[in-house]
Amino acid sequence: MRRFLLLYATQQGQAKAIAEEICEQAVTHGFSADLHCISESNKYDLKTETAPLVVVVSTTGTGDPPDTARKFVKEIQNKTLPVDFFAHLRYGLLGLGNSEYTYFCNGGKIIDKRFQELGARHFYDTGHADDSVGLELVVEPWIAGLWPALREHFRQEQISGALPMASHASSRTDLVKSELLHVESEIELLRLDDSGRKDPEVLRQNVVNSNQSSVSVEDFESSLTRSVSPLSQASLNIPALPPEYLQVQLQESLGKESQASVISADPIFQVPISKAVQLTTNDAIKTTLLVELDISKTDFSYQPGDAFSVICPNSDSEVQSLLQRLQLEDKREHCVLLKVKADTKKKGAALPQHIPARCSLQFIFTWCLEIRAIPKKAFLRALVDYTSDSAEKRRLQELCSKQGAADYNRFVRNACACLLDLLLTFPSCQPPLSLLLEHLPKLQPRPYSCASSSLFHPGKLHFVFNIVEFLSTATAEVVRKGVCTGWLASLVASILQPDTYASHEDSRQVLAPKISICLRKTNSFHLPNDPSIPIIMVGPGTGIAPFIGFLQHREKLQEEHPDGNFGAMWLFFGCRHKDRDYLFRKELRHFLKHGILTHLKVSFSRDAPVGEEEAPAKYVQDNIQLHGKQVARILLHENGCIYVCGDAKNMAKDVNDALVEIISKEAGGDKLEAMKTLATLKEEKRYLQDIWS
């Protein structure tokens, strides 16, 4: 068989799963894939690799390569490497990302661009898969096209007898093309377009229906359980059955575990919750809580701008329902023993690293598995073979088929369907426990921004969150709470105070609940080392969290150095209603009164103008536009920094668009020049984002 090297760089397992799918398919196409995580540098050597290379790369944070690729990226970014270092390399790259973020697929783009700079050449075009509309819309056709591309590569190699060396000129041409594509993709992302204001559900549905020539009235009769013509009559192309690889034994001896049994690459700290405050009124659209953790008895340290992760469990009621449906409720305390099947056909099969040894079934479903995860098509395909009812079996086949892509997006992906929804919808489906342990991903810790300074609150750590609520429409309309925020809200219910936390300490003696946290990898979302540098902070809603830490930190520094030279601090904050969800209102007034905060610009998106007054700025980006001259002066002439924290889907893009407009207007250039200026600010770590979707 003809061999190719297959590397993946994954953060939450998606890139790995896709690479494993490529590996499985390779055999049926007459190829042998040498599969490795990109971090396993002792198992491959790109400097001497002669086989074609296929790379699957995810993106994390606001455009970073995943943690598993950090060392690799650092090594190839070495400025001393010659321009022909990878001239012998032929590769194809699949990037995974989410277009709701400014740096779409940037993890893959960083590696792709650097490969080009070092002389490597594509044997197959790069693919960029978008998780906001469904990775499979790009992943599936990209994998399908990989096999003819590999065959052509080996055919050309056979004809020439050896791979031609890339000339410097052709290498430069490829690089220019790559850069042009990068600019084009950025322009596409940042384009001022009415579609950017559409309801995201409508946008998703437009993408889902884009490949359909017509939509009949009958489409409205389809549901998770039934399809309509033409899908109901279609011959289906369904994925290959993923090979099973786990052998599970349940043992009556009780598993012994605690939160500390959760496997994490980073040190875990168990800390008590010392205070919880509701920052919004009861009639606010979203409920926002501030939680204070007591870290005084740990060596957990942080600085303003850092983020940390909370290790959280699944909902007790959902775990109970799932175990009942699987007919495993009476074995919830049994110890789970796992082995890799001796006769498995899965290449490189290994025990899931996120499932600790000798833990109870209850613990694994509560603390280790993301039971709310939207099931991938491979999971649906595996469930087919454990479904006895013919109509249910056919529907599951449709949902995982190429022809059923629109229905999968509409009734599974966009409806936030989870495994429990599917099992309740298809009662004849009786999967074994082993299948669930193979396909359910790791329950990920949830990240939060530090909302305090340790100078201002020694031994304490604050964070802020909205209690997430969303409508799941998979089976019936059910309002679900976020896995972590719902749990935290119930945890602090007995100690929750109204928003007076700055003026007094709670005197109630209540046993403080403990939670487990770990510090996230260091980032650059920090105050400048030089305090004289002016900064602009943009943080609507809970996006204000890190900036409270910035302001607390600056207040202490100014107290310690009363004659110091401190730069201006601008804050653009926004919320819906002045009297309902204006977070940290008293604190911001305090910072403004004492000269810590030099400019505070607040927008209220749902408050109507009073009387005949002119309509105020509705969103933070509108206020930024109103103060465009000052913003441009700080960024272009005063070496200032801008920080943006909050929603990636709309706000971060709209702020970026506003900055493009301002810089274009104030610097007198076109939008492309303004975008290049912003790109330079990002490279210089003067335009920083901490955003989420």
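For the structure itself, consult the block above.
Residues numbered from 1 in each chain as written. Predicted model: local features only at pLDDT ≥ 70, side-chain atom pairs only at ≥ 80, totals over all residues. Heavy atoms only, no water.

Peer 1: Got a minute to help me understand the sheet that holds strand 22 (residues 641-647) in this structure?
Peer 2: Sheet strands line up and pair through hydrogen bonds in the backbone, either parallel or antiparallel. Strand order in the open sheet formed by 5 strands is 21-20-19-22-23, and the pairing between neighbours is parallel. Two strands in the sheet have a free side with no partner beyond their single neighbour: strand 21 (599-604) and strand 23 (687-692). Neighbour-to-neighbour, the strand axes of the sheet open up by a mean angle of 10 degrees, direction not taken into account. Across the face of the sheet, helix 19 (residues 648-667) comes into contact with strand 19 (535-538), strand 22 and strand 23 while running at roughly 155 degrees to strand 22. (Pairing = 2+ DSSP bridges. Helix = DSSP H or I, 4+ residues; strand = E, 2+ residues; numbered from the N terminus. Axes fitted to C-alpha atoms, helices over the stretch in contact; angles between N-to-C directions. Contact = heavy atoms within 4.5 Å.)

Peer 1: Help me out: how do you make sense of unusual backbone geometry in this one?
Peer 2: Residues Ser229 and Pro230 are joined by a peptide bond in cis, for which omega reads 10 degrees. Take Pro230: it is sitting in the loop between helix 6 (200-209) and strand 7 (246-254). A positive phi angle, near 60 degrees, is found at Gln327, a position not held by glycine. For Gln327, the position within the fold is in the loop between helix 7 (316-325) and strand 11 (334-340).

Peer 1: Would you take a moment to explain the side chain of Arg325 for this structure?
Peer 2: Within the secondary structure layout, Arg325 lies in helix 7. No salt bridge is formed by the buried Arg325, whose closest oppositely charged neighbour, Glu392, lies at an N-O distance of 6.6 Å. Within the structure, Arg325 has its side chain in polar contact with the side chain of Gln430 (distance 3.5 Å). Setting aside its immediate chain neighbours within four residues, Arg325 contacts Leu423, Leu424, Phe426, Pro427, Cys429 and Gln430. (Buried < 20%, exposed > 50% of the residue type's maximum accessible area, 1.4 Å probe, protein only. Lys, Arg positive; Asp, Glu negative; His and termini not counted. Salt bridge = Lys/Arg side-chain N within 4 Å of Asp/Glu carboxyl O. Polar contact = N/O pair within 3.5 Å; in protein donor to acceptor, adjacent residues only side chain to side chain.)

Peer 1: Is there a simple way to explain the packing of helix 9 (residues 377-384) against helix 10 (residues 390-400) in this structure?
Peer 2: Describing two packed helices takes the angle between their axes plus the distance from one axis to the other. Between helix 9 and helix 10, whose axes approach to 9 Å, the crossing angle comes to 160 degrees. One way to sum up the angle between helix 9 and helix 10 is to call them roughly antiparallel. Crossing of helix 9 over helix 10 shows left-handed handedness. Judged by residue contacts, Lys377, Leu380, Arg381, Leu383 and Val384 of helix 9 engage Lys393, Leu396, Gln397, Leu399 and Cys400 from helix 10. Each residue belonging to the contact of helix 9 with helix 10 can be placed in one class, and the counts come to 6 nonpolar, 1 polar and 3 charged. (Parallel < 35°, antiparallel > 145°, perpendicular 65-115°, else oblique. Left-handed = near helix turned anticlockwise from the far one by under 90°. Nonpolar A, V, L, I, M, F, W, Y, C, P; charged D, E, K, R; others polar.)

Peer 1: What should I look at first to understand the packing of aromatic side chains in this one?
Peer 2: Scanning the model with the defined rule gives 26 aromatic pairs in all. Here the aromatic rings of Phe525 and Tyr643 are separated by 5.3 Å at their centres, their planes lie at 80 degrees, and the arrangement is edge-to-face. Remark: Tyr643 occurs in strand 22 and Phe525 occurs in the loop between strand 18 (514-519) and strand 19; sequence separation between them is 118 residues. When the centroid spacing of 5.6 Å and the interplanar angle of 70 degrees are considered together, the rings of Phe547 and Phe550 count as edge-to-face. A residue pair is termed a helical-turn pair when its members lie 3 or 4 positions apart in one helix, as Phe547 and Phe550 do in helix 15 (residues 545-560) at 3 residues. Phe550 matches Phe547 in its accessibility class, with the two residues each being buried. Feature note: the residues Phe72, Phe85, Phe86, Tyr91 and Phe115 constitute an aromatic cluster, connected by ring pairs. In this arrangement the basic side chain of Lys346 is found over the ring face of Tyr245, its NZ or CZ atom lying 5.1 Å from the centre. (Phe/Tyr/Trp six-rings, centres within 6.5 Å; stacked < 30°, edge-to-face > 60°. Lys NZ or Arg CZ within 6 Å of the ring centre and 35° of its normal.)

Peer 1: Looking at this model, I keep getting lost on the nonpolar core. Mind explaining?
Peer 2: As a rule of thumb, nonpolar side chains are buried together in soluble globular proteins. One finds Leu293, Phe308, Phe365 and Ile517 to be the most contacted residues of the largest nonpolar core, which totals 77 residues. Apart from the residues lying within four places of it in its own chain, the contact partners of Ile517 are Pro267, Ile268, Phe269, Val271, Leu293, Phe300, Phe308, Ser309, Val310 and Leu461. Core analysis: the next-biggest nonpolar cluster, separate from the first, contains 33 residues, Met537, Cys575, Phe584 and Leu588 among them. (Core = buried A, V, L, I, M, F, W, Y, C linked by side-chain atoms within 4.5 Å.)

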